[in-house]
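Results of the structural survey
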Amino acid sequence: MSPTKLRVISPLHIGNGNELTPVDIYPGDGVVYVLDTKKLTAELLERSVELEEILQLLKNPPGDAYIWKEYLEEFGLNPGEYSLYTLKVYGETGKTSMQIKEFIKQNGVPYIPGSSVKGAVRTAVIYKVLRDCGDSTTPMRLVSKFNKKLAESIGWSDDLVDFYVNYLIGQERTDPRRADDLLEAIVFGMESDRRSGVRYEPKRDPMRALLVRDSNPIGKKHLAVYRVDVVPKGIPVWVEGLEPGTLAELEVKFDSTLLQLNRNHFNGLLWECLKGLGNPPEVFEDFVWTAVEEFYRDVRKEELEELNRYPPDFRRTVRGFYTRLGGQNGYVLRLGWGSGWLSMTVGILLRGHRRWKDLRKKLGLGKSTSADFPVTRRLADGTPMGWVVLE
């Protein structure tokens with residue numbers, strides 16, 4: 001039975017690309033007021049403040065101050081009466097000003113996009129396929145139907161990761177943002193492409209059968225401001241995040257009819273892997289949830305093994321969090337901003353490759369020459385971000 005609820009385990013931020021600035025906010029005692037600037041402006045005009053003065057302030061706000069502070073204090077105004085909503089604050093606010101990454105909202109109300117959840121599941125699936133679905137013989141056969149030269153370049157190796165690492169390193173130019181394009185095509189479904197040999201084709205991807213709807217609207221009372229520490233050393237960031245314990249309803253379902261009707265159209269390594277386990281439409285759902293369990297279990301394991309990456313004052317908290325995380329009922333996964341490179345990629349597999357250092361250099365991963373990557377972690381209220389459980 002598919003999950004119908006999502007429960008937030010650690011602070012979750014999914015951004016909409018906007019930021020709340022000192023023009024929009026006013027910090028109080030343990031809270032941040034997100035101001036209704038139209039209402040506040042109208043009140044100031046009633047109190048004989050010149051409109052030109054206000055417009056000039058908004059047009060050229062000081063970069064190091066909360067611009068409404070002087071007005072609110074001068075007239076003794078309660079900021080709570082001129083706010084759209086109020087956010088509890090975890091951690092210190094900026095001393096003179098700060099910018100807050102805004103949580104995604106629809107009609108002003110937070111929600112969790114189904115695409116974010118499906119993306120997290122998809123990462124787990126590609127990880128399992130690359131790890132468990134055999135050597136490069138099958139990918140060679142699949143690709144040869146579209147581009148024999150590319151198929152020959154894959155050659156025989158223990159797994160597809162080995163080919164792909166060498167392929168990326170051998171490219172004259174590689175855009176890190178598109179480094180996984182060919183891999184996605186081979187794993188999920190492909191068509192012929194003049195430039196790269198094959199390209200990803202969504203219509204040939206069995207993951208189409210996984211349907212995840214956006215969550216129901218989530219009350220703003222579940223939002224808070226988190227100071228996010230970039231450790232071991234970095235500039236803090238502030239975000240709107242859903243608090244641990246927040247519950248959201250969402251629809252997750254598998255369309256077995258779609259799988260059955262398109263069974264002869266799917267052509268990626270994932271579909272071939274499912275064939276080896278039985279009747280693909282029947283084993284698909286179990287494969288997906290097993291992938292989720294195994295991938296995020298491995299992410300947790302990696303994080304526990306790398307506690308030395310955290311400053312000493314954070315290690316105990318992080319260890320306790322990951323130890324407790326393994327006891328959740330449901331499917332644990334990680335999503336949103338701050339969830340980290342290991343959770344958003346198949347980096348666990350890449351880091352174990354013999355040419356990992358060469359690949360890092362090729363893709364420009366990290367400015368440090370240290371063998372460790374990723375070097376930094378983000379912690380909100382001392383906690384790793386973005387962990388949720390589907391129940």
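Here is a short report on the structure shown in this document. Keep in mind that this is a model prediction, so the values were computed, not measured.

Each value, and the rule that gives it
Residues numbered from 1 in each chain as written. Predicted model: local features only at pLDDT ≥ 70, side-chain atom pairs only at ≥ 80, totals over all residues. Heavy atoms only, no water. Helix = DSSP H or I, 4+ residues; strand = E, 2+ residues; numbered from the N terminus. Buried < 20%, exposed > 50% of the residue type's maximum accessible area, 1.4 Å probe, protein only. Contact = heavy atoms within 4.5 Å. Areas by Shrake-Rupley, 256 points an atom, 1.4 Å probe, with all protein chains shown as cover. Lys, Arg positive; Asp, Glu negative; His and termini not counted. Charge placed at Lys NZ, Arg CZ, Asp CG, Glu CD. Disulfide = S-S within 2.5 Å. Patch = residues over 30% accessible without salt bridge, like charges linked within 9 Å, V, L, I, M, F, W, Y side chains within 5 Å. Salt bridge = Lys/Arg side-chain N within 4 Å of Asp/Glu carboxyl O. Polar contact = N/O pair within 3.5 Å; in protein donor to acceptor, adjacent residues only side chain to side chain. Arc of directions from axis to C-beta.

1. Thoughts on the overall build of the protein chain
A tally of regular secondary structure across the protein chain gives 15 helices and 19 strands. Projected onto the principal axes, the alpha-carbon positions of the protein chain cover approximately 80 × 50 × 45 Å. Expressed as a percentage of the 391 residues in the protein chain, the buried residues total 51%. Taking the contacts inside the protein chain whose residues are at least 6 apart along the sequence as the reference set, 75% of them involve residues at least 24 apart. For the protein chain, the accessible area works out to roughly 19300 Å², and carbon and sulfur atoms hold 47% of it. Side chains of the protein chain give 55 positive and 54 negative charges; the mean places of these two sets differ by 6 Å.

2. What about the state of the cysteines?
Applying the stated criterion to the full structure yields 1 disulfide. Residue pairing for Cys 133: its cysteine sulfur links by disulfide to Cys 273, the two sulfurs lying 2.0 Å apart. The sign of the S-S torsion, about -70 degrees, decides the handedness of the disulfide formed by Cys 133 and Cys 273: left-handed. Here the residue Cys 133 occupies a position in the loop between helix 4 (114-132) and helix 5 (137-144), and Cys 273 occupies one in helix 10 (residues 269-275), the gap between them amounting to 140 residues. Accessibility classification places Cys 133 together with Cys 273 in one group, the buried group.

3. Thoughts on a negative patch on the surface
Residues Glu 50, Glu 52, Glu 53, Glu 70 and Glu 74 make up a contiguous surface patch of negative charge. Here Glu 52 shows up in helix 2 (residues 51-59). Overall, Glu 52 belongs to the exposed group, its relative accessible area being 53%.

4. Quick look at the side chain of Ser 215
As for its placement among the helices and strands, Ser 215 is situated in the loop between strand 11 (210-212) and strand 12 (223-231). For Ser 215, a relative accessible area of 10% corresponds to the buried category. Here Ile 112 takes part through its backbone nitrogen, which lies 2.9 Å from a polar atom of the side chain of Ser 215. Excluding its chain neighbours within four sequence positions, the residues that come into contact with Ser 215 are Tyr 111, Ile 112, Ala 248, Glu 249 and Leu 250.

5. Topic: the pattern of salt bridges
According to the stated counting rule, one finds 32 salt bridges in the structure shown. Arg 227 is the salt-bridge partner of Asp 229, the closest N and O atoms lying 3.0 Å from each other. Residue class for Asp 229 comes out buried when judged on its relative accessible area of 18%. Arg 227 sits in the partly exposed class, given a relative accessible area of 24%. One salt-bridge network, held together by shared partners, links Glu 302, Glu 303, Glu 306, Arg 309, Arg 334, Arg 351 and Arg 377.

6. Here we look at a nonpolar patch on the surface
The grouping of Leu 45, Leu 51, Leu 55 and Leu 58 at the surface amounts to a nonpolar patch, some 300 Å² of accessible area in total. Along the polypeptide, Leu 55 turns up in helix 2. Looking at Leu 55, the relative accessible area reads 42%, which means it is partly exposed.

7. Structural notes on the environment of Pro 61
With respect to the helices, strands and loops of the structure, Pro 61 is situated in the loop between helix 2 and helix 3 (69-74). Classification of Pro 61 as partly exposed rests on a relative accessible area of 36%. For the pair Pro 61 and Arg 378, spaced 317 residues apart in sequence, the C-alpha to C-alpha distance is 30 Å. Setting aside its immediate chain neighbours within four residues, Pro 61 contacts Val 23 and Ile 67.

8. A look at unusual backbone geometry
Put simply, Val 231 and Pro 232 share a cis peptide bond, and its omega is 10 degrees. Mapped onto the elements of the fold, Pro 232 is located in the loop between strand 12 and strand 13 (237-242). The phi dihedral of Ser 48 is positive, around 70 degrees, even though this residue is not glycine. Tracing the backbone shows Ser 48 in the loop between helix 1 (37-46) and helix 2. Among the residues examined, Ser 48 registers a relative accessible area of 62% and is labelled exposed.

9. Structural notes on helix 15 (residues 356-363)
If you check which residues of helix 15 are buried, you get Trp 356, Leu 359, Arg 360 and Leu 363. Buried residues along helix 15 cover an arc of 105 degrees about the axis, so they all sit on one side. Facing away from the buried side of helix 15 by more than 90 degrees, the exposed set consists of Lys 357 and Lys 361. Summarising the contacts, the buried residues of helix 15 are in contact with helix 7 (160-170), helix 13 (341-344) and helix 14 (347-351). Backbone geometry just after helix 15 places Gly 364 at a positive phi near 65 degrees.

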